[in-house]
Amino acid sequence: MDITKTELIDKRNEKLWNELNKTHSISVEYIDIPNYSCYSENDSSTVFVSENNIDANSFTHELLHILIRQKGIYFGSSLTNAISGNPNLNRFFSDGLIEHFGNCMDHIKMLPIYLELGFDKKKFIEDYDENKCTKAEIQDIKSQFKIFGKYNGQAIDYYIAKYIAVKADPKKHLNYDKSLKELNKLDPKLFGILEKCVNDWKNMPLKKANIWDEDYNSISFNFCENLAEWGNGKNIEESTYANTV
């Protein structure tokens, strides 16, 4: 099937599709799934399309994930390598959180491009209308984060998950400013480590203009080093679940 003849491609994303296909082999599979996704290995990618929802918005979202890979940026993989071999970080950074954090970091880079192409930010993610960090969730984190001098690894994991979910959300919910202030108040040092990571990521060009420009590996490495330093000496009950947000 010629994808350019379907509703997946229109005048907004046609150039992106053509540019990606110059260096990438992209296939499309129509399957019975609720949400779009993609899988990439080397220079090949497969976009899994919901057969009941042929949508250029969702398709372009996946193309932008491929664009990040085409630029040679693999933040999630770098994070996995740094955390998987570090028993200190394993106590509060679950495999589920690694995947979630990497996906959100991609979204932070993808959203400006998505908007520049002419797409509506309300169509960027399926759960656009959902509040990514409710008052109840903040209260739950606060009640479990540290009890009688002992930190809860799952609560730390959830703290980080909620922080990055807010930062990556295209919709700026009215409650977010207050939620971020509460997270900062709960642990200013951890909050500062997360802020630095996200700000460095935002400032990192997709294509290095100078050899001294920071790249994704150095951002990931510094982030994990700072997290490990933060965790040193703390009595932390290890996180034993895969975070879902």
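Numbering of residues starts from 1 in each chain and follows the order in which that chain's sequence is written. Whole-chain, interface and lining totals are the exception, using all residues; otherwise, since this is a predicted model, local features are given only for residues with pLDDT of at least 70 and side-chain atom pairs are given and counted only at 80 or more. Note: side-chain values were computed over all heavy atoms of the structure, leaving out hydrogens and water.

Talk me through the sheet that holds strand β1 (residues 25–31); I want residue IDs and the actual numbers.
At least two DSSP bridges between two strands are required for those strands to pair. Each helix corresponds to a stretch of at least 4 residues labelled H or I by DSSP, and each strand to a stretch of at least 2 residues labelled E; elements are numbered beginning at the N terminus. In space, the three strands of this open sheet follow the order β1-β3-β2, with mixed pairing throughout. Sheet topology places β1 and β2 (37–41) at the edges, where each strand pairs with a single neighbour. Adjacent strand axes in the sheet meet at a mean angle of 20° when their direction is disregarded. Examined bridge by bridge, β1 and strand β3 (residues 44–50) share seven bridges and lie parallel to one another. By the bridge assignment, V28 is partnered in β3 with V47. Along the sheet, helix α2 (residues 56–70) contacts β1, β2 and β3; its crossing angle with β2, the most-contacted strand, is approximately 20°. What counts as an axis is a line fitted to C-alpha atoms, over the stretch in contact for a helix, and the angles between N-to-C directions run from 0 to 180 degrees. By definition in these notes, contact holds between two residues if any of their heavy atoms fall within 4.5 Å.

Describe a negative patch on the surface, with residues and values.
In this scheme, patches are assembled from residues that exceed 30% relative accessible area and form no salt bridge. Like charges are connected within 9 Å, while nonpolar side chains (Val, Leu, Ile, Met, Phe, Trp, Tyr) are connected within 5 Å. The method behind every accessible area is Shrake-Rupley, applied with a 1.4 Å probe, and residues are considered shielded solely by the protein chains displayed. Put simply, a salt bridge is a Lys or Arg side-chain nitrogen that is within 4 Å of an Asp or Glu carboxyl oxygen. Positive charges come from Lys and Arg alone, negative charges from Asp and Glu alone, with His and the N- and C-terminal ends not counted. Note on charges: their place is set at NZ of Lys, CZ of Arg, CG of Asp or CD of Glu. A contiguous patch of negative charge on the surface is contributed by E126, D127, D129 and E130. Looking at where D129 falls in the secondary structure, it is placed in the loop between α5 (95–116) and α6 (135–144). When its relative accessible area of 70% is taken as the criterion, D129 is described as exposed. When accessible area is computed with a 1.4 Å probe and restricted to protein chains, residues below 20% of their type maximum are described as buried, those above 50% as exposed, and intermediate ones as partly exposed.

Could you give an account of the packing of helix α3 (residues 75–84) against α5, with specific residues and numbers?
Two numbers describe how α3 lies on α5: the axes approach to 8 Å, and their chain directions differ by 150°. Comparing their axes, α5 and α3 come out roughly antiparallel. For the pair α3 and α5, the crossing hand works out as right-handed. Here F75, G76, L79, T80 and I83 of α3 lie close against α5, whose contacting residues are I98, F101, G102 and M105. Under the convention adopted here, Pro, Cys and the residues Ala, Val, Leu, Ile, Met, Phe, Trp and Tyr are nonpolar, Asp, Glu, Lys and Arg are charged, and Gly plus all remaining residues are polar. Its residues assigned to classes, the contact of α3 with α5 comprises six nonpolar, three polar and no charged. Angle categories: roughly parallel below 35 degrees, roughly antiparallel above 145, roughly perpendicular from 65 to 115, and oblique for all the rest. Crossings are sorted by hand: turned counterclockwise from the far helix by less than a right angle, the near helix makes the crossing left-handed, and turned clockwise it makes it right-handed.

Quick rundown of unusual backbone geometry? Include the residues and the values.
Negative phi values dominate among residues other than glycine, just as trans dominates among peptide bonds. With phi around 55°, N42 is a residue other than glycine that occupies positive phi space. Phi is positive for F148, which is not a glycine, with a value near 50°. Among the structural elements, F148 can be located in the loop between β4 (146–147) and β5 (150–152).

Outline the packing of α5 against helix α9 (residues 188–203), listing residues and values.
Here α5 crosses α9 at 40°, and the two axes come no closer than 10 Å. Taken together, the axis directions place α5 and α9 in an arrangement best described as oblique. Both α5 and α9 take part in a crossing whose hand is right-handed. Contacts between α5 and α9 involve F101, M105, D106, I108 and K109 on the former and, on the latter, L194, C197, V198, W201 and K202. Class assignment for the residues of the contact of α5 with α9 results in seven nonpolar, no polar and three charged.

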